[in-house]
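# Fold and contact review
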Amino acid sequence: MILTDFDYVRAATLDEAAALLAEPGSRALAGGQSLLVELKTGEGTAARLVDLRGLAGLRGVQETGAGGLRVGALTTLAELARDPRVRAVSPALAEAARAVGDPQVRHLGTLGGNLAAATDITPAGAVSGARDKATDLPAAVLAADATLRLAGAGGRTTMTAGDFARDGLPTGCLITGIDLPAPGPGEAGAFEKMPDRASRYPVCAVAVRVVREPGGGLTGLRVAVTGATPRATRLPAVEELLTGTAAGTAQGAGAGAGPGAALGTAPGTAQVLAAFRAQPEHLFVTGRGTSAEYLRHLSGVLTARALTRATATTT
Ligand SMILES: Cc1cc2nc3c(=O)[nH]c(=O)nc-3n(C[C@H](O)[C@H](O)[C@H](O)COP(=O)(O)OP(=O)(O)OC[C@H]3O[C@@H](n4cnc5c(N)ncnc54)[C@H](O)[C@@H]3O)c2cc1C
């Protein structure tokens, strides 16, 4: 039961939705899988719900012509998970969508809702009390180097996934979709997750993108973490330490190998863990029943798994 009063408006146009959301107390309603839970538990409030579900233009996946994809904010997680074009252009995003919750959540929950629910970050950058409910997709859009498309009362704009992860959604804006760039030659990605056993939210999840050079080395590495860090974040120092490596297997055969080592498929687990051990613990969250040290280690384990799978799919 929802114990709070609010107005409800089903927006007929994007401009109407943007104008309504510019007013204080208005919140967008998409699949309701986070928002309605918040209202029921009292974790969140709303003076007005602006239902986006009538905005057909925000649904579905379109090819951009340059090999990339434009994905509407109302595209459901189930649609993302099964769309062959999404799986080809950004396997990590499709896998992340597949890893969310349960079938009901995936059939109602949307791309835009998952991204927006993730941040709960004020423009000043403070993370709200919802930090223990990090969502999965922000890591995948970071690793994919996606661009978010936004609409507000002032018009349309775009934002990089990196800026969005750091700053959150500009006040009063709604996400209309994302643009995924076309993958280059030798590019691959993967997503790995350790879910909370009760809620299925990520204790830690990692999305990677990698380019395998003809000589076997890894370049273009992106490693993005959610759940284990205060907000979804890329780890450039880890990326740098692992870039150019071409070591043995993820079972550790490549431990200690560095740039120019024998050709293989991915850095070994030990090598990836060493790269994570070099990161300061304060990058990782504490106080959720796990230590920052544990989450740093877990992030490394999941990164090694994701890199092994991703590089196995490159030619
Ligand atoms: C049982 C359960 C398990 C779950 N497990 C997971 C999990 O494993 N991983 C995970 O990531 N999530 C999980 N979730 C959370 C949920 O799946 C996601 O948050 C969901 O994708 C939200 O999408 P939605 O469309 O339902 O958003 P809503 O609930 O409608 O909205 C969520 C928030 O986003 C805002 N919003 C919605 N759409 C937009 C938009 N287009 N632009 C701007 N703001 C918008 C809303 O105002 C609200 O603040 C779980 C939820 C439940 C109930």
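Further up the page is the structure itself.
Turn by turn, an α-helix covers 3.6 residues, leaving residues three or four places apart pointing in a common direction. Among the nine residues of helix 11 (residues 269-277), seven are classified as buried, and the element is accordingly described as predominantly covered. Listed in full, the buried residues belonging to helix 11 are Thr269, Ala270, Gln271, Val272, Leu273, Ala275 and Phe276. Next to the buried residues of helix 11 lie helix 10 (236-242) and helix 12 (292-312).

Within the secondary structure, Val71 sits in strand 5 (residues 69-72). Val71 gets classed as buried once you count the C-beta atoms within 10 Å, which come to 29. For the pair Val71 and Leu58, spaced 13 residues apart in sequence, the C-alpha to C-alpha distance is 8.1 Å. Apart from residues lying up to four places away in sequence, Val71 is in contact with Val61, Leu111, Gly177, Ile178 and Leu180.

On to the site of the ligand. Taken together, 33 residues lie near the ligand, and Gly31, Gly109, Gly112, Gly113 and Thr135 sit nearest. For the shell around the ligand, the secondary-structure elements that each account for two or more residues are strand 2 (26-29), helix 2 (35-41), helix 6 (103-108), helix 7 (111-119) and strand 8 (174-180). With five residues, the single largest contributor to the shell around the ligand is helix 7. Here the shell around the ligand is built from residues that sort into 18 nonpolar, twelve polar and three charged.

Moving on, we come to the sheet that holds strand 6 (residues 147-152). Reading across from one edge, 4-5-8-6-7 is the order of the five strands in this open sheet, with antiparallel pairing throughout. Two strands lie at the open edges of the sheet, namely strand 4 (61-63) and strand 7 (155-160), each paired on one side alone. Going from strand to strand, the sheet's axes swing by 25° on average, the running direction of each strand aside.

Reading the values: the criteria
Residues numbered from 1 in each chain as written. Predicted model: local features only at pLDDT ≥ 70, side-chain atom pairs only at ≥ 80, totals over all residues. Buried ≥ 20, exposed ≤ 12 C-beta atoms within 10 Å, placed from the backbone. Helix = DSSP H or I, 4+ residues; strand = E, 2+ residues; numbered from the N terminus. Contact = placed C-beta atoms within 7 Å. Near = placed C-beta within 6 Å. Nonpolar A, V, L, I, M, F, W, Y, C, P; charged D, E, K, R; others polar. Pairing = 2+ DSSP bridges. Axes fitted to C-alpha atoms, helices over the stretch in contact; angles between N-to-C directions.

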